[in-house]
Amino acid sequence: MSKPFLSIENLTQQYPDGQGGMMTVFENATFGVEKGEFVCILGHSGCGKSTIMNILAGLAEPTSGVVTMDGREVSGPSLDRGVVFQNYSLLPWLSTLKNVSFGVVARHPDWSKAKVLDHSRQYLAMVGLEGDVIHRKPSQLSGGMRQRVSIARAFANHPKLLLLDEPFGALDALTRGTIQDKLLKIWGDSGQTVFMITHDIDEAILLADRILLMTNGPFARVAESVDITIPRPRNRTAIVEHPNYYAIRNHLVQFLGKRSKDLAGQASDGAAQRPETVRIDLTGTAEDPTPEPRLRAVNT
Amino acid sequence: MPILSLNQRALLLSVVILVVGLLIWEAAIPAQQAVGELTEYERLTGGGAAKAGVPPPSQVFVKAWEELSNPFYDAGPNDKGIGIQIGYSIYRVLTGYAMAALIAIPLGFLIGMSPVAYKALNPFIQVLRPISPLAWMPLALFIIQDSEASAIFVIFICSIWPMLINTAFGVAGVRQDWVNVARTHELGHFKTAFTVILPAAAPTIVTGMRISIGIAWLVIVAAEMLVGGTGIGYYVWNEWNNLDLTSVIFSILMIGIVGMMLDAAFASLQRAVAYVE
């Protein structure tokens, strides 16, 4: 069996609990992400989502376990894994354009200045930032604009994997909607592999091919992998009409509201903890309003 | 009547305070007693000579005009123009200050980046920092054996601390998010230091540089009173020995003006590196 594009194997993170013992955040987490896939991870605060993200980005080291991407082990940060941080992390002393070209220069040190600026402008235009705006400092931009700059910076580098850490958490609902649409469009055009943390169930359904569900910590695990059986291109007003939408949404709400607690706190006994694949597809069986989710073992 | 802007009103008030202050000063100086009929005894004891006193502002203005219209004359060791004296002082301050900056900023970077270096060097800094720079003077004179170089050393030792501490503080306080941006873009250590940490810490570093130049200018006057020969500090003390209080007051004003200009230069540098988060 060939490994998926991004493969997380037996990932374990422990911290000293301050009383001489160790606190296990998650243990033996094992899952994969295929090339070109858009995967969202949902879970309550403290379950270790951000820790997984930091390990994938190479900014943190796991206690044990291996992450491989494209057949190579991940160690340390790399330009192949672009990160969009929750708080944008733009450099406040650089203009919007310079913030993007900063990344382009790092990726392509051999490019001419004109080429770098041209490339940066092009990606800023993709997120709808053009004209005078690109010469402003981040402090002169709205929160939504800042996050768009951050997304442009990440996409402009063509990373093999794009990591989004709750990118829209600090934005109001309307701004979030327009940027989600922009993100979907750029992702559709680029075919990039995306791994995203979110707290927002509707956002996850709109964006993702697959949603990973995490139980509560400690001993959190990636318990389920829910396929989003809604065809693309998706549109926020149209998908709510789709027969699968509320079935999937209910499943997610049930998990986060109840089962994430029930499944929490189980040590793994050293076995790899693979998520169960959940596929909810009501097209064709739409007359049955509450089907049992069909469960099947994940195929990795 | 048009309403004046805030700045105009402030300017007006400043002028009023200046004029009133000068008038009070002028009026407070007792007029020299008119030399009337003196007895022979009074003439013999110098009763007819003018009494030494604090000069009125009008005399200071005349002196200032005289000095500033020919600031660079050199008529021997004890009679040089005010421009030459200030030039010597600025030269010493900038030399000592530049040497301090060359050591304090790289060292501060190291201390800020490395918690071990911070903990190891902190006790030395805390002991050396509160020492009055002039206390180093005898040691400097003995070791360096050159009064000019000793004055520069005193400037060096007094201006190093604020720059060192502020650089370390600024570098240590750079937000981890920005460092993470550098890391995810695979920037090397030097690239990270120059393109991320330096601009992020620059406002704090320049604040330290501004404090340092202020202290250096305070200290140079005292240092030059001790080492003598040239400089604005020596000039003040020399005019005091000549009992020329007009020149003393004039040079005090000049010290203030030069100090203000040095501070203004660093204030504009501070504005240039400032950023809003």
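These lines cover the structure that appears in this document, whether it is placed above or below.

Take the overall build of chain B next. Along chain B, the regular secondary structure elements total eleven helices and zero strands. Listed N to C, the secondary structure of chain B is α-α-α-α-α-α-α-α-α-α-α in terms of helices and strands. Taken over the C-alpha trace, chain B has a radius of gyration of 25 Å; the compact-globule value for 277 residues is 19 Å, which it surpasses by more than 25%. A principal-axis box enclosing the C-alpha atoms of chain B has dimensions of 95 × 65 × 35 Å. Every one of the 277 residues in chain B was classed for burial, and the buried ones make up 39%. In the form shown here, chain B has an accessible surface area of approximately 16200 Å², with 71% of it arising from carbon and sulfur atoms.

Time to look at unusual backbone geometry. Residues and elements named next belong to chain A. Along the chain, Arg232 connects to Pro233 via a cis peptide bond; the corresponding omega equals -5 degrees. In the Ramachandran plot, Asn10 falls in the positive-phi region, its phi being about 50 degrees despite a non-glycine side chain. By the element assignment, Asn10 lies in strand E1 (residues 6-16). Here Ser89, not a glycine, exhibits a phi torsion of approximately 50 degrees, which is positive. The topology assignment puts Ser89 in the loop between strand E6 (81-84) and helix H2 (96-107).

Residue and element names in this part refer to chain B. Here helix H7 (residues 147-172) contains 26 residues, and its C-alpha end-to-end distance of 38 Å stays within 8% of the 38 Å for a straight helix at 1.5 Å per residue. Residue Ile160 marks the point of greatest curvature in H7, where the axis turns by about 30 degrees; the proline Pro162 follows within four residues. With 19 of 26 residues buried, H7 is to be regarded as a mostly interior element. Where H7 begins, the capping side chain belongs to Asp146, and its oxygen is found 3.2 Å from the backbone nitrogen of Glu148.

Across all of its chains, the model carries 21 salt bridges over all chains by this definition. Glu67(B) serves as the salt-bridge partner of Lys63(B), at 3.5 Å between the closest nitrogen and oxygen. Of this pair, Lys63(B) and Glu67(B) both sit in helix H3 (residues 57-69), four residues apart, roughly one helical turn. In this structure, the salt-bridge partner of Lys80(B) is Asp74(B), at a minimum N-O distance of 3.4 Å. Ionic contacts of the salt-bridge type, sharing partners, join the residues Asp70(A), Asp80(A), Arg107(A) and Lys160(A) into one network.

Under the counting rule described, the total for this entry stands at nine aromatic pairs over all chains. Between Phe31(A) and Phe195(A) the ring centres are 6.1 Å apart and the planes differ by 15 degrees, which places this aromatic pair in the stacked class. Taken together, the residues span a long stretch of sequence, with Phe31(A) in strand E2 (residues 22-33) and Phe195(A) in strand E8 (residues 193-198) at a distance of 164 residues. Just as Phe31(A) is buried, Phe195(A) falls in that class too. Ring plane angle 75 degrees and centroid distance 6.0 Å describe the contact between Trp178(B) and Tyr275(B), whose orientation is recorded as edge-to-face. Of this pair, Trp178(B) sits in helix H8 (residues 176-184) while Tyr275(B) sits in the segment after helix H11 (245-273), placing them 97 residues apart in sequence.

So, on to the nonpolar core. All names here are of chain A. Among the nonpolar cores identified, the biggest contains 97 residues, and Leu6 and Phe195 are the most heavily contacted of them. Aside from chain neighbours lying at most four places away, what touches Phe195 is Phe31, Val33, Val39, Ile41, Ile52, Met53, Leu56, Leu161, Leu162, Leu163, Leu164 and Leu212. Counting 57 residues, the second largest nonpolar core, distinct from the first, contains Phe38, Tyr123, Ile211 and Ala223.

To continue, consider the sheet that holds strand E4 (residues 64-69) of chain A. All names here are of chain A. If you walk across this open sheet you meet the four strands as E2-E1-E4-E5, and the pairing is antiparallel. Among the strands making up the open sheet, the edge pair consists of E2 and strand E5 (72-73). Pairing of E1 with E4, which is carried by five bridges, proceeds in the antiparallel orientation. Paired with Ser7 across the two strands is Thr68, which belongs to E4. Helix-sheet contacts for helix H1 (residues 49-57) involve E1, E2 and E4, and the interaxial angle to E1 is about 120 degrees.

As a further point, take the interface of chain A and chain B. Contact with chain A, which involves 19 residues of that partner, is made by 17 residues of chain B. Counting the surface lost from both chain A and chain B, the interface buries some 1700 Å², and carbon and sulfur atoms represent 68% of this. Inspection of the region where chain A meets chain B yields zero salt bridges. Counting the contacts that link chain A with chain B gives four residue pairs in polar contact (both at pLDDT 80 or more). The element best represented in the side of chain A that touches chain B is H2(A), accounting for three residues. Per-class residue counts for the side of chain A that touches chain B are eleven nonpolar, seven polar and one charged.

Quick look at the packing of helix H6 (residues 137-144) of chain B against H7(B) now. Residue and element names in this part refer to chain B. Two numbers describe how H6 lies on H7: the axes approach to 9 Å, and their chain directions differ by 135 degrees. With respect to their mutual orientation, H6 and H7 come out oblique. Seen from above, H6 lies across H7 with right-handed handedness. Along its contact with H6, which presents Met137, Ala140, Leu141 and Ile144, the element H7 presents Ser147, Ala149, Ser150, Phe153 and Val154. Residue composition of the contact of H6 with H7, by class: seven nonpolar, two polar and no charged.

Within the secondary structure layout, Gly58(A) lies in the loop between H1 and E4. Along the backbone, Gly58(A) and Ser78(A) are 20 residues apart, and their C-alpha atoms lie at a distance of 7.3 Å. If we ignore the near neighbours within four places in the chain, the residues touching Gly58(A) are Gly76(A), Pro77(A), Arg81(A) and Arg183(B).

Quick notes on the rules
- Residues numbered from 1 in each chain as written.
- Chains lettered and ligands numbered in written order.
- Predicted model: local features only at pLDDT ≥ 70, side-chain atom pairs only at ≥ 80, totals over all residues.
- Heavy atoms only, no water.
- Helix = DSSP H or I, 4+ residues; strand = E, 2+ residues; numbered from the N terminus.
- Rg over C-alpha atoms; globule rule 2.2 N^0.38 Å.
- Buried < 20%, exposed > 50% of the residue type's maximum accessible area, 1.4 Å probe, protein only.
- Areas by Shrake-Rupley, 256 points an atom, 1.4 Å probe, with all protein chains shown as cover.
- Expected span 1.5 Å × (residues − 1).
- Bend = angle between axes of the 7 residues up to and from the residue.
- Polar contact = N/O pair within 3.5 Å; in protein donor to acceptor, adjacent residues only side chain to side chain.
- Salt bridge = Lys/Arg side-chain N within 4 Å of Asp/Glu carboxyl O.
- Phe/Tyr/Trp six-rings, centres within 6.5 Å; stacked < 30°, edge-to-face > 60°.
- Core = buried A, V, L, I, M, F, W, Y, C linked by side-chain atoms within 4.5 Å.
- Contact = heavy atoms within 4.5 Å.
- Pairing = 2+ DSSP bridges.
- Axes fitted to C-alpha atoms, helices over the stretch in contact; angles between N-to-C directions.
- Buried area = accessible area lost by both parts, 1.4 Å probe.
- Nonpolar A, V, L, I, M, F, W, Y, C, P; charged D, E, K, R; others polar.
- Parallel < 35°, antiparallel > 145°, perpendicular 65-115°, else oblique.
- Left-handed = near helix turned anticlockwise from the far one by under 90°.

Functional significance is not addressed by these values, which are geometric in nature.
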